[in-house]
Amino acid sequence: MKDLVAFIATALVDDPASVQVTETEGDGAVVLELRVAKEDLGKVIGKQGRTARAIRSLLSATAGKDNRKARLEIVE
Amino acid sequence: MSSAKMEYKGTDVEEAIGNACAALNVPREELDIRIISTGSTGIFGLGRKKAAVQVSLKKEGGHEQKRPAPEKKASAPKARPERAVSEKKPAVPKARVEQPAENDEQEEAVGDPVTPEEMEAIRADLARILDLMACSSEISISQDQNNKVHAKIAGDFVDILVGPEGQTLDSMQYVMRKIITRKFPQKVLFSLDAGGFRDNRMGELQARALRLAQEVKETGKTRTIPAINPAERRMVHMALQDDTEIRSRSVGEGLFKKVLIYLPGKGRRRAPRKKKTAEKSPE
């Protein structure tokens, strides 16, 4: 899942080198933290959060396969 | 040269420009007008937006008057030519074309050609996403006569990849489009399908639209289809556009809007509250 977020984020930003994703296992949920260059924040969030929502939706589909939950946090 | 820019508002563009002229005390020929928003009457008094224009005084002496209010351009910024033509006939916008640019999105749009290598790159990106979702699937990719790229997913994971109401599929399509836009300089049209979902969904929506239309005709009551995305809304409007007895329009804010199906002549525009209950609109 980490790689999924990283792949999509890398493909969307101007500065792929700054993309970092950390994955931590919370209780019953996987928390993914996405870090991108400040200038690229808007790109991974999108207009009215649409891109972020799309990524989250893909994540929850993936996590849902194993009856898990996933949370995406975009960190500045 | 031109003096400071000022913004004026009004319920529609015409009024906004009028306000500007009145405030500055000049005829509109002497103003450079840029339309910021065309405004919208909204529904139920909600989402009503004012039109806004930005004006600045034209340079004295320059005095070219050949700039009429650039109105139709602004009301459908990305409209294709045929839309621009049809735009001028009703001064009062028909409810059904309330959001022309959007409802007609993708109307026979033609993309730029995509080379086989680029097709392969698109396929590879999609495959990568599917792999990373642990849903590796078969992908077939093709181009139609409008250069639109169609990718179809098949296999055991179709249900997961479509998601509730096609949400996951739409998300994937959206992300793919973003990636494609960034990757290729040309305009590439892309659509994603899984296991025939799109066709099924469209068929379903059409059937539902027609069924609701029938109910509307029988009962005279307005029926709605809850929040659906632009492409699906367009489908509904198209399914109903040949039916002269009823009208359809989209209401709401943002990406997902409801579609109202109603009998014309009832509670239009300014009498919105009454729409659902009043039998005869108090005219």
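Small disclaimer: the values here were computed from a predicted structure and weren't measured.

**Let's talk about the nonpolar core**
If you look at the biggest cluster of nonpolar residues, it comprises 53 residues, and the most contacted ones within it are A:I8, A:L34, B:L126, B:I129, B:M133 and B:M172. Aside from chain neighbours lying at most four places away, what touches B:M133 is A:L4, A:L58, A:A61, A:T62, A:K65, B:L161, B:T168 and B:M172. Core analysis: the second largest hydrophobic core is formed by 13 residues, B:I17, B:I35, B:A51 and B:V55 among them.

**What about the sheet that holds strand β2 (residues 31-37) of chain B?**
Residues and elements named next belong to chain B. Strand order across the open sheet formed by three strands is β1-β3-β2, with antiparallel pairing between neighbours. On the outer flanks of this sheet lie β1 (6-10) and β2, each paired with one strand and no other. Strand-to-strand twist of the sheet, defined as the mean angle between neighbouring strand axes without regard to direction, takes the value 30 degrees. With five bridges joining them, β1 and strand β3 (residues 51-57) adopt antiparallel strand pairing. Bridge pairing in β3 links Y8 to V53.

**Brief notes about the interface of chain A and chain B**
Chain A puts 19 residues into the contact, and the matching count from chain B is 20 residues. Buried area between chain A and chain B, summed over both chains or domains, comes out near 1900 Å², and the portion from carbon and sulfur atoms is 69%. When the buried area of chain A at its contact with chain B is split by residue, A:F7, A:L58 and A:K65 rank highest and sum to 32% of it. Linking chain A with chain B are one salt bridge. The shortest N-O distance in the salt bridge between A:D14 and B:R182 comes to 2.6 Å. Summed over the shared surface of chain A and chain B, the result is six residue pairs in polar contact (both at pLDDT 80 or more). At the level of elements, α1 (2-12) and α3 (50-65) of chain A are the ones that each hand at least two residues to the side of chain A that touches chain B.

**A word on the packing of α1(A) against helix α7 (residues 167-183) of chain B**
Across the interface, α1(A) lies against α7(B) with an axial gap of 9 Å and an inter-helix angle of 40 degrees. On the basis of their axis angle, the class for α1(A) and α7(B) is oblique. Taken together, the residues of α7(B) that come into contact with α1(A) (itself represented by A:I8, A:A11 and A:L12) are B:V175, B:K178, B:I179 and B:R182.

**Some words on the packing of α1(A) against helix α5 (residues 116-132) of chain B**
The N-to-C vectors of α1(A) and α5(B) enclose an angle of 155 degrees; their axes lie 8 Å apart at closest approach. Taken as axis vectors, α1(A) and α5(B) run roughly antiparallel relative to one another. Remark: the crossing between α1(A) and α5(B) carries left-handed chirality. Contacts between α1(A) and α5(B) pair A:D3, A:L4, A:F7 and A:I8 from the former with B:D125, B:R128, B:I129 and B:L132 from the latter. Among the residues forming the contact of α1(A) with α5(B), the class breakdown is five nonpolar, no polar and three charged.

Reading the values: the criteria
- Residues numbered from 1 in each chain as written.
- Chains lettered and ligands numbered in written order.
- Predicted model: local features only at pLDDT ≥ 70, side-chain atom pairs only at ≥ 80, totals over all residues.
- Heavy atoms only, no water.
- Core = buried A, V, L, I, M, F, W, Y, C linked by side-chain atoms within 4.5 Å.
- Buried < 20%, exposed > 50% of the residue type's maximum accessible area, 1.4 Å probe, protein only.
- Contact = heavy atoms within 4.5 Å.
- Pairing = 2+ DSSP bridges.
- Helix = DSSP H or I, 4+ residues; strand = E, 2+ residues; numbered from the N terminus.
- Axes fitted to C-alpha atoms, helices over the stretch in contact; angles between N-to-C directions.
- Buried area = accessible area lost by both parts, 1.4 Å probe.
- Salt bridge = Lys/Arg side-chain N within 4 Å of Asp/Glu carboxyl O.
- Polar contact = N/O pair within 3.5 Å; in protein donor to acceptor, adjacent residues only side chain to side chain.
- Parallel < 35°, antiparallel > 145°, perpendicular 65-115°, else oblique.
- Left-handed = near helix turned anticlockwise from the far one by under 90°.
- Nonpolar A, V, L, I, M, F, W, Y, C, P; charged D, E, K, R; others polar.

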